[in-house]
Amino acid sequence: MISSMTGYGLSSSIEGDSEITIEIKGVNNKFLEISLKSHEINNDIDQYIRNAVGKNIVRGKVDIKIRSKSPSKTKYFIDNKLLKNLKKSIKDNLGIEEHLKFSDIKDIPGILNIETKKKTNNKFIKREFKKALKDFADSRNKEGMKIKKVIDKKIKGIDYLVSKILKQSKKNINRRLKSYKEKVTSLIEDFDKVRMGQEIALLALKHDVSEEIDRISFHSKSLTDEINKKNGSGKKIDFVLQELFREANTLSVKLDDPDSKNLALDMKLLIEEMREQIQNVE
(Lines give C-alpha, C1' and ligand atoms only; values in the text may rest on other atoms or scores of the structure.)
Protein backbone atom coordinates (compact mmCIF):
# COMPACT_ATOMS: atom_id res chain seq x y z
CA MET A 1 0.00 0.00 0.00
CA ILE A 2 1.40 3.39 -0.95
CA SER A 3 1.78 6.04 1.73
CA SER A 4 1.52 9.81 1.40
CA MET A 5 4.34 12.08 2.58
CA THR A 6 1.77 14.49 4.01
CA GLY A 7 0.26 13.63 7.37
CA TYR A 8 -0.41 14.78 10.91
CA GLY A 9 -0.02 13.08 14.28
CA LEU A 10 -0.81 14.31 17.79
CA SER A 11 -0.50 12.92 21.31
CA SER A 12 -1.21 14.77 24.54
CA SER A 13 -1.27 13.42 28.09
CA ILE A 14 -0.95 14.31 31.79
CA GLU A 15 0.81 12.09 34.30
CA GLY A 16 1.08 13.34 37.87
CA ASP A 17 2.76 16.75 37.81
CA SER A 18 3.96 16.26 34.21
CA GLU A 19 2.16 17.24 31.02
CA ILE A 20 3.31 16.66 27.45
CA THR A 21 2.03 17.40 23.94
CA ILE A 22 3.76 16.00 20.86
CA GLU A 23 2.80 17.18 17.37
CA ILE A 24 4.14 15.68 14.13
CA LYS A 25 3.58 17.16 10.65
CA GLY A 26 4.79 15.81 7.33
CA VAL A 27 5.10 17.44 3.89
CA ASN A 28 6.68 16.49 0.55
CA ASN A 29 10.44 16.27 0.21
CA LYS A 30 12.86 14.34 -2.02
CA PHE A 31 14.64 12.90 0.99
CA LEU A 32 13.98 12.34 4.69
CA GLU A 33 14.46 15.56 6.67
CA ILE A 34 13.67 15.67 10.39
CA SER A 35 13.16 18.93 12.28
CA LEU A 36 12.83 18.55 16.06
CA LYS A 37 11.81 21.56 18.15
CA SER A 38 12.02 21.22 21.93
CA HIS A 39 14.05 22.65 24.80
CA GLU A 40 12.86 20.00 27.22
CA ILE A 41 14.63 16.86 25.99
CA ASN A 42 18.17 15.55 26.31
CA ASN A 43 20.42 14.11 23.60
CA ASP A 44 19.36 10.52 24.30
CA ILE A 45 15.67 11.30 23.70
CA ASP A 46 16.57 13.39 20.65
CA GLN A 47 18.44 10.43 19.14
CA TYR A 48 15.67 8.00 20.10
CA ILE A 49 13.08 10.11 18.25
CA ARG A 50 15.23 10.51 15.13
CA ASN A 51 15.95 6.77 14.99
CA ALA A 52 12.26 5.92 15.42
CA VAL A 53 11.28 8.26 12.56
CA GLY A 54 14.06 6.89 10.33
CA LYS A 55 12.83 3.31 10.81
CA ASN A 56 9.25 4.17 9.82
CA ILE A 57 9.62 6.99 7.27
CA VAL A 58 11.55 6.86 3.97
CA ARG A 59 10.91 10.29 2.42
CA GLY A 60 9.39 13.61 3.43
CA LYS A 61 10.03 16.61 5.66
CA VAL A 62 8.95 15.73 9.19
CA ASP A 63 8.46 18.52 11.75
CA ILE A 64 8.20 17.44 15.40
CA LYS A 65 7.19 19.83 18.19
CA ILE A 66 7.35 18.79 21.85
CA ARG A 67 5.80 20.95 24.54
CA SER A 68 6.05 19.76 28.14
CA LYS A 69 5.48 20.87 31.71
CA SER A 70 7.28 19.09 34.51
CA PRO A 71 8.08 19.76 38.19
CA SER A 72 11.27 21.68 38.87
CA LYS A 73 13.67 21.93 41.80
CA THR A 74 15.47 25.16 42.72
CA LYS A 75 18.73 25.21 44.68
CA TYR A 76 20.50 28.22 46.21
CA PHE A 77 24.17 28.10 47.15
CA ILE A 78 26.87 30.58 48.10
CA ASP A 79 30.36 30.53 46.66
CA ASN A 80 32.39 30.55 49.88
CA LYS A 81 35.66 31.21 48.10
CA LEU A 82 34.32 34.42 46.52
CA LEU A 83 32.76 35.41 49.88
CA LYS A 84 36.12 35.02 51.68
CA ASN A 85 37.82 37.06 48.96
CA LEU A 86 35.17 39.76 49.42
CA LYS A 87 35.73 39.90 53.21
CA LYS A 88 39.51 39.98 52.74
CA SER A 89 39.22 42.76 50.19
CA ILE A 90 37.08 44.81 52.62
CA LYS A 91 39.58 44.26 55.43
CA ASP A 92 42.62 45.03 53.26
CA ASN A 93 41.13 48.18 51.77
CA LEU A 94 39.06 49.52 54.66
CA GLY A 95 40.95 48.09 57.60
CA ILE A 96 37.84 46.60 59.18
CA GLU A 97 36.32 43.17 59.58
CA GLU A 98 32.78 43.34 58.27
CA HIS A 99 30.04 40.92 59.31
CA LEU A 100 28.17 40.75 56.06
CA LYS A 101 24.42 40.26 55.91
CA PHE A 102 22.45 38.48 53.17
CA SER A 103 21.25 41.82 51.84
CA ASP A 104 24.88 42.85 51.38
CA ILE A 105 25.82 39.97 49.11
CA LYS A 106 22.62 38.99 47.27
CA ASP A 107 23.21 41.35 44.36
CA ILE A 108 26.95 40.73 43.99
CA PRO A 109 27.49 38.58 40.86
CA GLY A 110 28.85 35.09 41.48
CA ILE A 111 28.44 34.87 45.24
CA LEU A 112 24.77 33.87 45.43
CA ASN A 113 23.89 31.27 42.80
CA ILE A 114 20.48 29.88 41.83
CA GLU A 115 20.12 26.57 40.01
CA THR A 116 16.78 25.33 38.66
CA LYS A 117 16.41 21.82 37.29
CA LYS A 118 13.40 20.25 35.65
CA LYS A 119 12.74 16.58 36.25
CA THR A 120 12.21 15.04 32.81
CA ASN A 121 10.34 11.73 32.61
CA ASN A 122 11.98 10.06 29.62
CA LYS A 123 9.66 7.02 29.67
CA PHE A 124 6.66 9.35 29.58
CA ILE A 125 8.09 11.21 26.56
CA LYS A 126 8.89 7.98 24.68
CA ARG A 127 5.44 6.54 25.30
CA GLU A 128 3.66 9.64 24.05
CA PHE A 129 5.97 9.95 21.06
CA LYS A 130 5.11 6.38 19.99
CA LYS A 131 1.42 7.32 20.09
CA ALA A 132 1.99 10.48 18.03
CA LEU A 133 4.12 8.58 15.51
CA LYS A 134 1.44 5.90 15.07
CA ASP A 135 -1.20 8.61 14.59
CA PHE A 136 1.09 10.26 12.03
CA ALA A 137 1.66 6.96 10.16
CA ASP A 138 -2.09 6.23 10.11
CA SER A 139 -2.74 9.70 8.69
CA ARG A 140 -0.16 9.15 5.91
CA ASN A 141 -1.68 5.76 5.09
CA LYS A 142 -5.17 7.27 4.82
CA GLU A 143 -3.87 9.93 2.43
CA GLY A 144 -2.08 7.19 0.50
CA MET A 145 -5.35 5.29 0.09
CA LYS A 146 -7.00 8.40 -1.35
CA ILE A 147 -4.16 8.81 -3.85
CA LYS A 148 -4.35 5.10 -4.74
CA LYS A 149 -8.05 5.39 -5.54
CA VAL A 150 -7.37 8.34 -7.85
CA ILE A 151 -4.55 6.50 -9.63
CA ASP A 152 -6.59 3.29 -9.94
CA LYS A 153 -9.33 5.25 -11.66
CA LYS A 154 -6.89 6.87 -14.08
CA ILE A 155 -5.20 3.55 -14.88
CA LYS A 156 -8.60 2.14 -15.83
CA GLY A 157 -9.07 5.23 -18.01
CA ILE A 158 -5.77 4.53 -19.76
CA ASP A 159 -6.65 0.87 -20.30
CA TYR A 160 -9.99 1.93 -21.79
CA LEU A 161 -8.28 4.38 -24.15
CA VAL A 162 -5.75 1.72 -25.17
CA SER A 163 -8.53 -0.69 -26.12
CA LYS A 164 -10.29 2.00 -28.18
CA ILE A 165 -7.07 3.04 -29.95
CA LEU A 166 -6.20 -0.58 -30.70
CA LYS A 167 -9.65 -1.21 -32.17
CA GLN A 168 -9.54 1.94 -34.29
CA SER A 169 -5.96 1.23 -35.35
CA LYS A 170 -6.89 -2.17 -36.80
CA LYS A 171 -9.74 -0.60 -38.76
CA ASN A 172 -7.47 2.19 -39.99
CA ILE A 173 -4.78 -0.23 -41.19
CA ASN A 174 -7.28 -2.27 -43.21
CA ARG A 175 -8.80 0.89 -44.65
CA ARG A 176 -5.36 2.30 -45.44
CA LEU A 177 -4.28 -0.88 -47.26
CA LYS A 178 -7.42 -0.89 -49.34
CA SER A 179 -7.00 2.81 -50.15
CA TYR A 180 -3.37 2.34 -51.25
CA LYS A 181 -4.29 -0.55 -53.54
CA GLU A 182 -7.14 1.36 -55.14
CA LYS A 183 -4.94 4.40 -55.82
CA VAL A 184 -2.13 2.38 -57.32
CA THR A 185 -4.51 0.28 -59.46
CA SER A 186 -6.18 3.38 -60.85
CA LEU A 187 -2.84 4.94 -61.85
CA ILE A 188 -0.91 1.96 -63.19
CA GLU A 189 -2.13 -0.71 -65.58
CA ASP A 190 1.04 -2.79 -65.80
CA PHE A 191 2.64 -3.38 -62.42
CA ASP A 192 4.16 -6.01 -60.16
CA LYS A 193 1.48 -7.05 -57.70
CA VAL A 194 3.99 -8.64 -55.31
CA ARG A 195 6.17 -5.52 -55.22
CA MET A 196 3.10 -3.37 -54.76
CA GLY A 197 2.01 -5.51 -51.80
CA GLN A 198 5.44 -5.13 -50.22
CA GLU A 199 5.46 -1.36 -50.63
CA ILE A 200 1.96 -1.02 -49.25
CA ALA A 201 2.88 -3.21 -46.27
CA LEU A 202 5.87 -0.94 -45.53
CA LEU A 203 3.68 2.13 -45.70
CA ALA A 204 1.15 0.55 -43.37
CA LEU A 205 3.94 -0.49 -40.97
CA LYS A 206 4.86 3.15 -40.43
CA HIS A 207 1.48 3.61 -38.81
CA ASP A 208 1.47 0.35 -36.85
CA VAL A 209 1.23 1.15 -33.13
CA SER A 210 1.11 -2.40 -31.75
CA GLU A 211 4.54 -2.07 -30.06
CA GLU A 212 3.58 1.18 -28.34
CA ILE A 213 0.26 -0.33 -27.23
CA ASP A 214 2.08 -3.38 -25.79
CA ARG A 215 4.54 -1.18 -23.86
CA ILE A 216 1.76 1.05 -22.54
CA SER A 217 -0.14 -2.02 -21.34
CA PHE A 218 3.03 -3.36 -19.69
CA HIS A 219 3.71 -0.06 -17.87
CA SER A 220 0.07 0.19 -16.84
CA LYS A 221 0.28 -3.25 -15.23
CA SER A 222 3.60 -2.36 -13.55
CA LEU A 223 1.97 0.76 -12.14
CA THR A 224 -0.96 -1.24 -10.77
CA ASP A 225 1.39 -3.78 -9.18
CA GLU A 226 3.50 -1.09 -7.51
CA ILE A 227 0.64 0.88 -5.96
CA ASN A 228 -0.76 -2.39 -4.57
CA LYS A 229 2.53 -3.41 -2.93
CA LYS A 230 2.80 -3.27 0.85
CA ASN A 231 5.61 -0.72 0.56
CA GLY A 232 5.05 0.89 -2.82
CA SER A 233 7.80 3.32 -3.80
CA GLY A 234 6.88 6.82 -4.96
CA LYS A 235 10.20 7.12 -6.82
CA LYS A 236 9.59 3.89 -8.77
CA ILE A 237 6.01 4.89 -9.57
CA ASP A 238 7.24 8.23 -10.89
CA PHE A 239 9.79 6.43 -13.09
CA VAL A 240 7.08 4.13 -14.50
CA LEU A 241 4.92 7.16 -15.23
CA GLN A 242 7.78 8.83 -17.10
CA GLU A 243 8.13 5.73 -19.30
CA LEU A 244 4.38 5.56 -19.75
CA PHE A 245 4.26 9.21 -20.85
CA ARG A 246 7.11 8.64 -23.31
CA GLU A 247 5.25 5.75 -24.96
CA ALA A 248 1.98 7.71 -25.04
CA ASN A 249 3.81 10.59 -26.69
CA THR A 250 5.29 8.28 -29.36
CA LEU A 251 1.84 6.80 -29.90
CA SER A 252 0.23 10.20 -30.46
CA VAL A 253 2.91 11.06 -33.05
CA LYS A 254 2.41 7.85 -35.03
CA LEU A 255 -1.36 8.05 -35.10
CA ASP A 256 -2.74 10.00 -38.05
CA ASP A 257 -6.42 9.40 -37.49
CA PRO A 258 -7.84 12.49 -35.65
CA ASP A 259 -10.10 10.47 -33.35
CA SER A 260 -7.29 8.11 -32.33
CA LYS A 261 -4.85 11.01 -31.87
CA ASN A 262 -7.33 12.71 -29.53
CA LEU A 263 -7.57 9.51 -27.50
CA ALA A 264 -3.78 9.44 -27.20
CA LEU A 265 -3.77 13.06 -26.05
CA ASP A 266 -6.39 12.20 -23.42
CA MET A 267 -4.09 9.41 -22.28
CA LYS A 268 -1.17 11.85 -21.89
CA LEU A 269 -3.38 14.11 -19.81
CA LEU A 270 -4.31 11.22 -17.48
CA ILE A 271 -0.62 10.36 -17.04
CA GLU A 272 0.28 13.97 -16.22
CA GLU A 273 -2.50 14.08 -13.63
CA MET A 274 -1.13 10.90 -12.06
CA ARG A 275 2.37 12.39 -11.94
CA GLU A 276 1.01 15.35 -10.00
CA GLN A 277 -0.65 13.00 -7.52
CA ILE A 278 2.41 10.79 -7.13
CA GLN A 279 4.53 13.74 -5.95
CA ASN A 280 2.81 13.20 -2.56
CA VAL A 281 3.74 9.50 -2.35
CA GLU A 282 6.60 8.39 -0.10
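Just above sits the structure.
Residues numbered from 1 in each chain as written. Predicted model: local features only at pLDDT ≥ 70, side-chain atom pairs only at ≥ 80, totals over all residues. Heavy atoms only, no water.

Moving on: a positive patch on the surface. Judged by side-chain charge, K164, K167, K171 and R175 come together as a positively charged surface patch. Position of R175 among the secondary structure elements: in helix α4 (residues 122-187). (Patch = residues over 30% accessible without salt bridge, like charges linked within 9 Å, V, L, I, M, F, W, Y side chains within 5 Å. Areas by Shrake-Rupley, 256 points an atom, 1.4 Å probe, with all protein chains shown as cover. Salt bridge = Lys/Arg side-chain N within 4 Å of Asp/Glu carboxyl O. Lys, Arg positive; Asp, Glu negative; His and termini not counted. Charge placed at Lys NZ, Arg CZ, Asp CG, Glu CD. Helix = DSSP H or I, 4+ residues; strand = E, 2+ residues; numbered from the N terminus.)

On to the packing of helix α6 (residues 210-227) against helix α7 (residues 234-254). Any two packed helices are characterised by the angle at which their axes cross and by the distance between the axes. Direction vectors running N to C along α6 and α7 enclose 160°, while the axes themselves pass 9 Å from each other. In this view, α6 runs roughly antiparallel relative to α7, as classed from their interaxial angle. Our pair here, α6 against α7, has a crossing hand that is left-handed. Mapping the contact onto sequence places E212, I213, R215, I216, H219, S220, S222, L223, E226 and I227 in α6 and K236, I237, V240, L241, E243, L244, E247, A248, T250, L251 and K254 in α7. The residue makeup of the contact of α6 with α7, split by class, is ten nonpolar, four polar and seven charged. (Axes fitted to C-alpha atoms, helices over the stretch in contact; angles between N-to-C directions. Parallel < 35°, antiparallel > 145°, perpendicular 65-115°, else oblique. Left-handed = near helix turned anticlockwise from the far one by under 90°. Contact = heavy atoms within 4.5 Å. Nonpolar A, V, L, I, M, F, W, Y, C, P; charged D, E, K, R; others polar.)

Taken as a whole, the largest pocket holds about 320 Å³ of empty space. Considering each element in turn, the lining of the largest pocket owes the most residues, three residues, to α4. Here the residues of the lining of the largest pocket sort into four nonpolar, seven polar and four charged. (1 Å grid on protein atoms, 1.4 Å probe; cavity = no way out; pocket = protein on both sides within 12 Å on 5 of 7 lines; lining within 4 Å. Points joined across faces, edges and corners; volume = space filled by probe spheres on them.)

Formed by 28 residues in total, the largest nonpolar core has its most connected members in I158, L251, M267 and M274. Listing elements by their share of this core, those giving two or more residues are α4, α6, α7 and α8 (258-278). The contacts of I158, once residues within four sequence positions are left out, are I216, L244, M267, L270, I271 and M274. Counting 19 residues, the second-largest nonpolar core is a separate cluster that includes I45, A52, F129 and F136. (Core = buried A, V, L, I, M, F, W, Y, C linked by side-chain atoms within 4.5 Å. Buried < 20%, exposed > 50% of the residue type's maximum accessible area, 1.4 Å probe, protein only.)

To continue, consider the sheet that holds strand β2 (residues 18-27). In space, the four strands of this open sheet follow the order β1-β2-β4-β3, with mixed pairing throughout. Taken across any chain shown, the strands that pair with only one partner, and hence form the sheet edges, are β1 (7-15) and β3 (32-37). Between one strand axis and the next, the sheet turns by 10° as a mean value, whatever way the strands run. Judged from the nine bridges that link them, β2 and strand β4 (residues 60-69) form a sheet pairing that is antiparallel. (Pairing = 2+ DSSP bridges.)

Here α8 spans 30 Å end to end across 21 residues, near enough to the 30 Å set by a 1.5 Å rise per residue. Turning to α8, its buried residues are S260, L263, A264, M267, K268, L270, I271, M274 and I278. Buried positions in α8, seen along its axis, are confined to an arc of 160° and lie on one side of it. For α8, exposure combined with an orientation more than 90 degrees from the buried face picks out P258, D259, L269 and E276. (Expected span 1.5 Å × (residues − 1). Arc of directions from axis to C-beta.)

Now for the pairing of β1. In this sheet, β2 lies alongside β1 in antiparallel orientation, the contact comprising nine bridges. Along β2, the bridge assignment pairs I14 with E19. Here β1 folds back onto β2, and the loop between the two strands holds two residues, one of which, G16, carries a positive phi near 65°.

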